[in-house]
Amino acid sequence: MKKTFKSILAVAGVLGLTFALNAVKSQNISAAEKLPAQTTKELKEKGTLTIGLEGTFAPYSYRKDGKLTGFEVELGKQLAKEMGLKAKFVPTKWDGLIAGLDTGKYDVVLNNVTITKERKEKYLFSKPYIYSHFALITKKDSDLTKLSQIKGQKIAAGTGTDNAIIAKKYKATVVPSSDFTTSLDLVKQDRAKGAINSMSAWYAYKKDHSTKGLKATDVSKEEDPAKIGALMSKKDKSLQKSVDKALDKLRKDGKLKEISEKYVGGDIKIGRA
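Given the structure is predicted, the values throughout are model-derived calculations rather than measurements. Residue positions within a chain follow its written sequence, with the count starting from 1. Confidence filtering applies because this is a predicted model: local features only for residues at pLDDT of at least 70, side-chain atom pairs given and counted only at 80 or more, and all residues used for totals across whole chains, interfaces and linings. The side-chain values count all of the structure's non-hydrogen atoms but skip hydrogen atoms and water molecules.

Details of helix H4 (residues 71–82)
Inference 1: Helix and strand definitions here come from DSSP, where helices need a minimum of 4 consecutive H or I residues and strands a minimum of 2 consecutive E residues; each element is numbered from the N-terminal end. One less than the number of residues in a helix, times 1.5 Å, gives the span that helix is expected to have. For H4, built from 12 residues, the straight-helix expectation of 16 Å at 1.5 Å per residue is met to within 8% by its first-to-last C-alpha distance of 16 Å.
Inference 2: Exposure classes here rest on a 1.4 Å probe applied to the protein chains alone. A residue is buried below 20% of its type maximum, exposed above 50%, and partly exposed in between. Of the positions making up H4, those classed as buried are Phe-71, Glu-72, Val-73, Glu-74, Leu-75, Gly-76, Gln-78, Leu-79 and Ala-80.
Inference 3: Looking one or two places after H4, you find Gly-84, whose phi comes out positive at around 75 degrees.

Comments concerning the packing of H4 against helix H10 (residues 237–252)
Inference 1: Where H4 contacts H10, the two axes come as close as 9 Å, and the packing angle between them is 110 degrees. Accordingly, the angle class assigned to the pair H4 and H10 is roughly perpendicular. Taken together, the residues of H10 that come into contact with H4 (itself represented by Leu-75, Gln-78, Leu-79 and Glu-82) are Val-243, Ala-246, Leu-247, Lys-249 and Leu-250.
Inference 2: Here the residues of the contact of H4 with H10 are counted per class, giving 6 nonpolar, 1 polar and 2 charged. Each axis is a line fitted through C-alpha atoms, taken for helices only over the stretch in contact, and angles between the N-to-C directions span 0 to 180 degrees. In these notes the angle categories are as follows: under 35 degrees is roughly parallel, over 145 is roughly antiparallel, 65 to 115 is roughly perpendicular, and the rest is oblique. Whether two residues are in contact is decided by their heavy atoms, any of which lying within 4.5 Å being enough. Side-chain classes follow a simple rule in which Ala, Val, Leu, Ile, Met, Phe, Trp, Tyr, Cys and Pro form the nonpolar group, Asp, Glu, Lys and Arg form the charged group, and the remainder, Gly included, forms the polar group.

A look at H10
Inference 1: If you check H10, its first and last C-alpha atoms are 23 Å apart, about what 16 residues at 1.5 Å a residue would give, namely 22 Å.
Inference 2: Gly-254 lies just past H10 and shows a positive phi near 85 degrees.

Description of the pairing of strand E9 (residues 154–157)
Inference 1: Here a strand pair is declared whenever DSSP counts at least two bridges between the two strands. Relative to strand E10 (residues 173–176), E9 is paired through 4 bridges, and the arrangement is parallel. Bridge pairing in E10 links Ala-156 to Val-175.
Inference 2: Of the crossover connections in this fold, the one passing from E9 over helix H7 (residues 162–169) to the parallel E10 is right-handed. A crossover counts as right-handed when, viewed with the strands pointing away from the observer, the path leading from the first strand over the helix to the second turns clockwise.

Overview of the confidence of the model for the protein chain
Inference 1: Counting all residues, the mean pLDDT for the protein chain is 84, and 82% of those residues have values of 70 or more.
Inference 2: Per-residue confidence from the predictor is given as pLDDT, running between 0 and 100. Note on residues 1–37: pLDDT under 50 across the span, and 14 contacts to partners over four residues away in sequence or across chains.

A short note on the packing of aromatic side chains
Inference 1: Between rings of Phe, Tyr and Trp, where Trp is taken as its six-membered ring, a pair exists when centres lie within 6.5 Å; planes separated by under 30 degrees are stacked, by over 60 edge-to-face, and by other angles tilted. This structure, assessed with the given rule, holds 3 aromatic pairs.
Inference 2: Taken together, a centroid distance of 5.1 Å and an interplanar angle of 45 degrees make the contact between Phe-57 and Tyr-60 tilted.
Inference 3: Residue class for Phe-57 comes out buried when judged on its relative accessible area of 15%.
Inference 4: On the basis of relative accessible area, Tyr-60 is assigned to the buried category, the value being 1%.

Comments concerning the nonpolar core
Inference 1: Buried Ala, Val, Leu, Ile, Met, Phe, Trp, Tyr and Cys residues that are joined via side-chain atoms within 4.5 Å together make up what is termed a nonpolar core. One finds Leu-49, Phe-71, Tyr-129, Ile-150 and Ile-196 to be the most contacted residues of the largest nonpolar core, which totals 59 residues.
Inference 2: Here Leu-49 is in contact with Leu-43, Ala-80, Met-83, Leu-85, Lys-86, Ala-87, Lys-88, Asp-107, Val-108 and Leu-239, once residues within four sequence places are set aside.
Inference 3: Membership of the second largest hydrophobic core comes to 11 residues, among which are Trp-94, Leu-97, Ile-98 and Tyr-123.

Some points on the environment of Lys-139
Inference 1: Within the element layout of this structure, Lys-139 appears in strand E8 (residues 134–139).
Inference 2: For Lys-139, a relative accessible area of 25% corresponds to the partly exposed category.
Inference 3: As for Lys-139 and Ala-216, which are separated by 77 residues in sequence, their C-alpha atoms are 8.6 Å apart.
Inference 4: The residues touching Lys-139, leaving out its near neighbours within four places in the chain, are Val-187, Lys-188, Asp-190, Gly-213, Leu-214 and Lys-215.
Inference 5: The definition of a polar contact used here is a pair of N or O atoms within 3.5 Å, where within protein one atom must be able to donate a hydrogen and the other to accept one, and adjacent residues in sequence count solely through side-chain atom pairs. Within polar-contact distance, the side chain of Lys-139 engages the backbone oxygen of Lys-188 at 3.4 Å.

Have a look at this one:
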């Protein structure tokens, strides 16, 4: 009887230890994993759709006379309006922008983020709202007109951007650039043989700045246009549905095309459903 009682105590002790270990394990869940999903109801109670972006990349988001403006700024306002919310923008540097979703810094990122297989493993995307054509920007007298020619050449591109990924794919030497204007300056000063960016950024820049001595070549025959979508946390499936619904409405009403023409001077290949 004593043996049986001791056995029961031993089993109970093991079970107690197991429960204790599980409790400790659950306490060690990362802050990102503890974040609640943003349901439509929760967002409506909050009254705002918080949007992360850089605010330094025309024509998508930039400052004019000190005020935040651009394609994705207006898109963010229109999306929020369709969802019955008010848009709140949180400018953040690119190197920490996507990670901000993990800490709940904002609900969604609108920053010309390309939909990739790797990103889809960690985050949710909306339907594409832009098909962005890549551009190879060089001096006018340059013989570089194809991505297949940039191997071993110095090419300006933002660190960690899709432009840098393309440059590396074609074995170019990436010259880090903080923004579009800097990339063009690097080419003008012969510190880079060329730069990779988007055709829409080139068109938007030309509206207000001189591009004398430079040219941009659409290289979509070598690289498919990048599909751009709104980025959200994996937990926010209800938010994803709401954003997609709002995008469908804006596309159907012609609002997406209207915003594109306003900031780029033409239709920048607005995504189809």
